[in-house]
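Examination of the molecular architecture
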Amino acid sequence: MSDTTNGQRTATISVLVDNEAGVLARVIGLFSGRGYNIDSLTVAPVDADLSRSRITVVTRGTDLVIEQIKAQLGRLVPIHKIADLSADGPHVARELGLIKVIARGEPRVEALRIADAFRAKIVDTTIESFVFELTGASEKIDAFIDLMRPLGTTEISRSGVAAIARGTRTII
Amino acid sequence: MNAEMNHAETPAAGAQVLLRALKEQGVEVIFGYPGGAVLPIYDALFQQNAIRHILVRHEQAAVHAAEGYARSTGKVGCVLVTSGPGATNAVTGLVDALMDSIPLVCLTGQVPTHLIGNDAFQEADTVGITRPATKHNYLVKRSEDLARVVHEAFYVARSGRPGPVVIDLPKDILIKPAPYVEATREPHRSYRPQTEPDAAQIDRAVALIQHSRRPILYTGGGIINAGPEASALLRELVAETGIPCTNTLMGLGALPASDPHFLGMLGMHGTYEANMAMHGCDVMINIGARFDDRVTGRLNAFSPHSKKIHADIDASNINKVVTVDVPILGDAGLILRALLERIRSLNAQPDRASITAWWRQIDSWREKRSLAFVQPDAPGSIIKPQHAVRRLFELTRQSGRETFITTEVGQHQMWAAQHFGFERPNHWMTSGGLGTMGYGLPAAMGVQVAKPDALVIDIAGEASILMNIQEMGTLAQYRLPVKVFILNNQYMGMVRQWQELLHGSRYSESYSEALPDFVKLAESFHGVGMRATSVDDLDRVILEMLKCDRAVIADIAVDQGENVYPMIPSGAAHNEMLLGPDRHHNNTEVTNAGMVLV
Ligand SMILES: Cc1ncc(C[n+]2csc(CCOP(=O)(O)OP(=O)(O)O)c2C)c(N)n1
Ligand SMILES: [Mg+2]
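Residues numbered from 1 in each chain as written. Chains lettered and ligands numbered in written order. Predicted model: local features only at pLDDT ≥ 70, side-chain atom pairs only at ≥ 80, totals over all residues. Heavy atoms only, no water.

Per an unreviewed UniProt entry, chain A is named Acetolactate synthase small subunit, and its organism is Acidisoma cellulosilyticum. Under the heading Function (unreviewed entry), UniProt records this for chain A: "Catalyzes the conversion of 2 pyruvate molecules into acetolactate in the first common step of the biosynthetic pathway of the branched-amino acids such as leucine, isoleucine, and valine." As stated in UniProt under Subunit (unreviewed entry), the record for chain A gives "Dimer of large and small chains." (UniProt positions renumbered as here; feature names shortened; annotations may be inferred.)

In structure tokens, the structure reads:
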């Protein structure tokens, strides 16, 4: 998973935080304040009583920088657990994309063919537009969007990556 | 529980609950400044006697005063300011405390909850503004959270790596009744910093120490924060092993300056022997210091031949700047104890002969006498600033009184660090990480509040002192006999020095034009003013100052052209120090890479 270009790797980091006001701002502020990248970010409460949220950040950096990011996250008071999913073992990472394509005629047919090949769901349709829903690895959604763009006006909404370790490992 | 219910008291107002929680947390003094949003707290303060309030003249000073109080007592300092401008004025102090790991709780007023976000009068997004300026912050939106948040804030401020915590208090929360809860043993759901070191890491460190031939202890503010026991353990470790020891600016006092194992401060303006020993060591034992850029000099030339042990309470400090061989996470005191016990039980002291040879090498570096200066003694000679600090040190020592030194920021700060000998921890307060001009006077005020009978001296520059000079009023009001000892070189000396060395002596905007008459200024604030203009006056003025039981400003006219040496120029390595204007050890040209550094 972790591709390496000039010593940098992509890391998928999940943190379990108290679901309190400002906690997301703390995490984002840490990244911007210290000059780290955020490629994608997701957040939602995950406990039955909504008391804790899980934030998943996809970031890039050298091993040292990734370690620094984890250590800096560890300083934030409302953080319970931190997992570097891409380093700790196999994991699944998924993203959801909603892709609107506005087209008529042959491009519209082509869009349908591509959607079928990607097993994208059609969640909305008009005479001149589709909204496709696609779930999968970020690269798959990238590829789908690349194919759709030339076919007409496109509008993209992506969820960011949600990720979880395979097997019995947890950060609950 | 039932007993309490039987009192059947109507629940107290939020402001009362707040004060009760502060009392339970051991708060005796609050440094603050009132305003509309915190009037309910001031009203509650008026009706009690347990907590003393010190009215400062500017909110920044309240925070620095609380820092001085915290650093001299080991307690959490407490600040109270109003919403909007009160909170924004406090921000510099908060960042200062964050950088130097000082435990504080700062209470800020806020507009009532229903007005938050409406651009109400004196509304500021205080939690937003202070989020990167604090260790943690809170906005109390529900009365039932109030007491718990206060307890939690104190726990967070003092635990792990200490730091400032803000509690933003909307006015309605202060007025509405709020339930009281006592502090619990589990003060926070998740925050539990690791203090006990890992035994395996201790063993690895001890093995490195045992086989070292040229070891050095490099210790910082972490030892001071770990309490006086940690400093005592450092002394024991040094005595047990004979290892030379250098302190950072924040760590001065951990090892007595008079201990023969003490190499002085290290870093940009550290001693030649400390920096050369850092450069030449084979095992570096860093305890509670963070490889600050003022300490390391050029990183790729930093102590190139050593194995490095780094003990720190904050995991993010480890491998942040310098990669180390043995990281140890935990409290400096507990780590020192573990190291000492292990070394003793294994008889793992480094080889005596190697240590002796290492000391011979260090002594030859010491012979450079890198802190030497020449004070002309002909009558009427201009005072060298180093001489002024030396005399201040010697005369305060002879007075036998417990002495606390604070500083402002600039050359005088470095001369104070170099020439005033600190024998004990917690007696030296300076703004290290942020380098905040205007820190010293309010910090001294906070120390004097905590230590009413001690001698508290702010070694100041004539430029810095003007940044919080209004606190002379606070000194007068509370009869705090703080001594301000100005090394008046009529320049922002540190700026002038850099301009001389790096910018072709173009002294752009660094002359202290239109200075006040500091003697009259002291008098106008009901204090005592003194002045020394030549070396003949110096001792007399110092002695008079020490005798005086009121606040004093002693304006000491010093040599305007003096620079702080030794100096590692920006971007240079430890072994490329400038020893003095005509004592260049190496003719170090400042590189372009060095020019961009601060
Ligand atoms: C608030 C603040 N502004 C600017 C600076 C930059 N600065 C560092 S030292 C210095 C000059 C200090 O002059 P003075 O207080 O006279 O001390 P001296 O260096 O002359 O001893 C300045 C402007 C600073 N450290 N803090
Ligand atoms: Mg000056």
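Okay, back to it.
1. Focus: the overall build of chain B
A count of helices and strands for chain B gives 23 helices and 18 strands. Taking 598 residues into account, the globule formula puts the C-alpha radius of gyration at 25 Å, and chain B, at 25 Å, falls close to it. Here the C-alpha coordinates of chain B stretch approximately 75 × 60 × 45 Å along the principal axes. In chain B, which comprises 598 residues, the proportion classed as buried is 60%. Residue pairs in contact within chain B that sit at least 24 positions apart in sequence constitute 75% of those at least 6 positions apart. (Helix = DSSP H or I, 4+ residues; strand = E, 2+ residues; numbered from the N terminus. Rg over C-alpha atoms; globule rule 2.2 N^0.38 Å. Buried < 20%, exposed > 50% of the residue type's maximum accessible area, 1.4 Å probe, protein only. Contact = heavy atoms within 4.5 Å.)

2. What about the side chain of Arg 71 of chain B?
All names here are of chain B. One can find Arg 71 in helix α4 (residues 59–73). Buried charge without a salt bridge: Arg 71, with Asp 100 as the nearest opposite-charge side chain at an N-O distance of 6.6 Å. Each residue touching Arg 71, except ones within four places of it in the same chain, is listed here: Asp 100, Ile 102, Ile 224, Asn 225, Met 250, Asn 426, Trp 428 and Met 429. (Lys, Arg positive; Asp, Glu negative; His and termini not counted. Salt bridge = Lys/Arg side-chain N within 4 Å of Asp/Glu carboxyl O.)

3. Comments concerning the coordination of the magnesium ion (ligand 2)
Residues and elements named next belong to chain B. The protein atoms that coordinate the magnesium ion (ligand 2) are Glu 462 (OE), Glu 462 (OE), Asn 489 (OD1) and Tyr 491 (O), at distances of 2.1 to 2.7 Å. Sequence positions of the residues that donate to the magnesium ion (ligand 2) give the spacing E-x26-N-x1-Y. Remark: Tyr 491 occurs in the loop between β16 (483–488) and α20 (493–502) and Glu 462 occurs in the loop between β15 (455–461) and α19 (472–477); sequence separation between them is 29 residues. Each member of the pair, Glu 462 together with Tyr 491, is buried. (Donors = N, O, S within 2.8 Å, 3.2 Å for Na, K, Ca; no water.)

4. Structural notes on the packing of aromatic side chains
Across all of its chains, the model carries 14 aromatic pairs over all chains by this definition. With 4.9 Å between their ring centres and 55° between their planes, Phe 393 of chain B and Phe 420 of chain B make a pair best called tilted. Here Phe 393 of chain B, found in helix α16 (residues 385–399), pairs with Phe 420 of chain B, found in the loop between α17 (411–419) and β14 (428–429); they are 27 residues apart in sequence, far enough to count as distant. With a relative accessible area of 6%, Phe 420 of chain B lands in the buried category. Cluster of aromatic residues (ring-pair linked, three or more members): Phe 118, Phe 130, Phe 132 and Phe 144 of chain A. We note Arg 496 of chain B situated over the ring of Tyr 491 of chain B; from NZ or CZ to the ring centre the distance is 5.7 Å. (Phe/Tyr/Trp six-rings, centres within 6.5 Å; stacked < 30°, edge-to-face > 60°. Lys NZ or Arg CZ within 6 Å of the ring centre and 35° of its normal.)

5. Some remarks on the environment of Gln 60 of chain B
Residues and elements named next belong to chain B. Following the sequence through the fold, Gln 60 ends up in helix α4. When the C-alpha atoms of Gln 60 and Tyr 439 are compared, they prove to be 8.7 Å apart, with 379 residues separating the residues in sequence. Residues in contact with Gln 60, not counting those within four places in the same chain, are Asn 89, Ala 90, Thr 92, Gly 93, Thr 436, Met 437 and Asn 468.

6. Considering helix α11 (residues 228–241) of chain B
Residues and elements named next belong to chain B. Taking 1.5 Å per residue, 14 residues should reach 20 Å; α11 reaches 20 Å between its end C-alpha atoms and fits that length. The set of residues buried in α11 consists of Ala 230, Ser 231, Leu 233, Leu 234, Leu 237, Val 238 and Thr 241. For α11, the angular spread of the buried residues around the axis is 160°, confining them to a single face. On its buried side, α11 packs onto β7 (215–219), α10 (221–225), β8 (245–247), α14 (332–346) and α15 (352–366). (Expected span 1.5 Å × (residues − 1). Arc of directions from axis to C-beta.)

7. Examining a positive patch on the surface
Together, Arg 94, Arg 119, Lys 140 and Arg 166 of chain A give the surface a local cluster of positive charge. Here Arg 166 of chain A is to be found in the segment after β10 (162–165). (Patch = residues over 30% accessible without salt bridge, like charges linked within 9 Å, V, L, I, M, F, W, Y side chains within 5 Å. Areas by Shrake-Rupley, 256 points an atom, 1.4 Å probe, with all protein chains shown as cover. Charge placed at Lys NZ, Arg CZ, Asp CG, Glu CD.)

8. Examining the side chain of Glu 95 of chain A
Residue and element names in this part refer to chain A. With respect to the helices and strands, the residue Glu 95 is situated in strand β6 (residues 91–102). Looking at Glu 95, its side chain comes within polar contact range of the side chain of Ser 138, at 2.7 Å. The residues contacting Glu 95, other than those within four sequence positions of it, are Leu 134, Thr 135, Gly 136, Ser 138, Ile 141, Arg 158, Ser 159, Gly 160 and Val 161. (Polar contact = N/O pair within 3.5 Å; in protein donor to acceptor, adjacent residues only side chain to side chain.)

9. Re the domain arrangement of chain B
Residue and element names in this part refer to chain B. With domains assigned, chain B is organised as domain 1 (2–175), domain 2 (199–366) and domain 3 (385–557). Relative to domain 2, the C-alpha centre of domain 1 lies at a distance of 38 Å. For the pair domain 1 and domain 2, the two sides together bury roughly 670 Å², of which 47% comes from carbon and sulfur. Residues Arg 161 and Asp 314 are paired through a salt bridge, measuring 2.8 Å at the closest nitrogen-oxygen approach. In this structure, the connection of domain 1 to domain 2 is made through three residue pairs in polar contact (both at pLDDT 80 or more). Taken together, the residues of the side of domain 1 that touches domain 2 break down into two nonpolar, two polar and three charged. (Domains from an automatic or database assignment. Buried area = accessible area lost by both parts, 1.4 Å probe. Nonpolar A, V, L, I, M, F, W, Y, C, P; charged D, E, K, R; others polar.)

10. Details of the interface of chain A and chain B
Contacts between chain A and chain B engage 16 residues on the former and 17 residues on the latter. Buried area between chain A and chain B, both sides added, is near 1400 Å², and the carbon and sulfur share of it is 52%. When the area that chain A buries against chain B is broken down by residue, the three leading residues are Arg 26, Arg 75 and Val 77 of chain A, summing to 45%. At the junction of chain A with chain B, the criterion picks out two salt bridges. Two residues, Asp 18 of chain A and Arg 189 of chain B, come together in a salt bridge whose shortest N-O distance is 2.9 Å. Across the contact surface, chain A and chain B share six residue pairs in polar contact (both at pLDDT 80 or more). It is helix α2 (residues 63–75) of chain A that contributes the most residues to the side of chain A that touches chain B, five residues altogether. Residue composition of the side of chain A that touches chain B, by class: six nonpolar, five polar and five charged.

11. So, unusual backbone geometry
Residues and elements named next belong to chain B. Residue Pro 566 is bonded to the preceding Tyr 565 through a cis peptide linkage, with omega at -5°. Examined against the element boundaries, Pro 566 turns out to sit in the loop between β18 (552–557) and α23 (592–595). Positive phi outside glycine occurs at Ser 101, with the angle close to 55°. Here Gln 122, not a glycine, exhibits a phi torsion of approximately 55°, which is positive. Structurally, Gln 122 is set in the loop between β4 (104–110) and α6 (126–130). Among the residues examined, Gln 122 registers a relative accessible area of 25% and is labelled partly exposed.

12. Details of the site of ligand 1
Residues and elements named next belong to chain B. Ligand 1 sits among 17 residues. The nearest are Gln 411, Gly 435, Ser 464, Tyr 491 and Gly 493. Within the contact set of ligand 1, an oxygen atom lies 3.1 Å away from a backbone nitrogen or oxygen of Ala 463. Protein coverage of the free-state accessible area of ligand 1, which is 590 Å², stands at 76%. Contributions of two or more residues to the shell around ligand 1 are made by α17 and α20. Counting residues per element, the shell around ligand 1 draws most heavily on α20, which supplies three residues. (Near = heavy atom within 4 Å.)

13. Thoughts on a nonpolar patch on the surface
All names here are of chain B. A grouping of Met 595, Val 596 and Leu 597 is seen on the molecular surface, where their side chains present a nonpolar patch of about 280 Å² in accessible area. By the secondary structure assignment, Met 595 is in helix α23. On the basis of relative accessible area, Met 595 is assigned to the partly exposed category, the value being 35%.

14. Description of the domain arrangement of chain A
All names here are of chain A. Looking at chain A, the domain boundaries give domain 1 (5–88) and domain 2 (92–165). Computed over C-alpha atoms, the centres of domain 1 and domain 2 are 28 Å apart. Between domain 1 and domain 2, the residue contacts involve nine residues of the former and seven residues of the latter. Buried area between domain 1 and domain 2, summed over both chains or domains, comes out near 480 Å², and the portion from carbon and sulfur atoms is 61%.

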